[in-house]
Amino acid sequence: MTPEQFHRAWVLQAQADAERGVLECRMCRRRGPLEETTTLWRNGLLVFALCDRCAASHDVVFSPTPAGVEVRARRRSPVELVAQEVPRVHGPR
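Structural notes, computed from the coordinates. Remember, predicted model here, so these are calculated numbers, not experimental data.

1. A short note on the packing of aromatic side chains
One pass over the structure, following the stated rule, counts 1 aromatic pair. Where Phe48 meets Phe62, the ring centres are 5.4 Å apart and the plane angle is 75°; that geometry is what we call edge-to-face. With Phe48 in strand β4 (residues 45–51) and Phe62 in strand β5 (residues 58–65), this pair connects stretches of sequence that are 14 residues apart. For Phe62, a relative accessible area of 34% puts it in the partly exposed group.

So, in structure tokens, the structure goes:
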């Protein structure tokens, strides 16, 4: 599936979901109620949905382009990776 076909399929599914009051976040893919989602509509079509959880942790910028809308997101704080020591497996003694 090409990115354009994927986007078209997402838009169709999002339209059906919006009618039921449930949307899928384009960043984390979680489904949630319409009241907890920021949406961007263009020409009567839903083009982007962002859950409150992702909106709280990212700076999101929407920019119009000749082809549609460009969406950029940047995490507000760095991701901390915690490394743990690999447990050692001892063979039979």
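Now that the structure is up, let's keep going.
2. Some points on helix α1 (residues 3–20)
For α1, with 18 residues, the first-to-last C-alpha span of 26 Å sits near the 26 Å given by 1.5 Å per residue. Taken together, the buried residues of α1 touch β1 (22–24), β2 (31–33), β3 (37–42) and β4. Phi for Gly21, located one or two positions after α1, is positive at around 85°.

3. A look at the environment of Leu23
Inspection of the secondary structure assignment puts Leu23 in strand β1. Between the C-alpha atoms of Leu23 and Pro33, which are 10 residues apart in sequence, the distance is 6.2 Å. Once residues within four sequence positions are removed from consideration, Leu23 is found in contact with Ala14, Asp17, Ala18, Arg30, Arg31, Gly32, Leu34, Thr37, Thr39, Leu46 and Ala49.

4. Looking at the nonpolar core
Of all hydrophobic cores here, the largest spans 7 residues; its members are Trp10, Val11, Ala14, Ala18, Leu23, Leu46 and Ala49. When contributions to this core are tallied by element, the ones reaching two or more residues are α1 and β4. Tallying contributions element by element places α1 first for this core, with 4 residues. Contact partners of Ala18, with chain neighbours within four places excluded, come to Leu23, Leu34 and Trp41. Core analysis: the next-biggest nonpolar cluster, separate from the first, contains 5 residues, Cys25, Phe48, Cys51 and Cys54 among them.

5. Side note on the side chain of Thr37
As for its placement among the helices and strands, Thr37 is situated in strand β3. The buried category is assigned to Thr37, whose relative accessible area is 14%. A distance of 3.0 Å separates a polar atom in the side chain of Thr37 from the backbone oxygen of Pro33. If sequence neighbours within four positions are ignored, Thr37 has contacts with Leu23, Gly32, Ala49, Leu50, Cys51 and Asp52.

How each quantity is defined
- Residues numbered from 1 in each chain as written.
- Predicted model: local features only at pLDDT ≥ 70, side-chain atom pairs only at ≥ 80, totals over all residues.
- Heavy atoms only, no water.
- Phe/Tyr/Trp six-rings, centres within 6.5 Å; stacked < 30°, edge-to-face > 60°.
- Helix = DSSP H or I, 4+ residues; strand = E, 2+ residues; numbered from the N terminus.
- Buried < 20%, exposed > 50% of the residue type's maximum accessible area, 1.4 Å probe, protein only.
- Expected span 1.5 Å × (residues − 1).
- Contact = heavy atoms within 4.5 Å.
- Core = buried A, V, L, I, M, F, W, Y, C linked by side-chain atoms within 4.5 Å.
- Polar contact = N/O pair within 3.5 Å; in protein donor to acceptor, adjacent residues only side chain to side chain.

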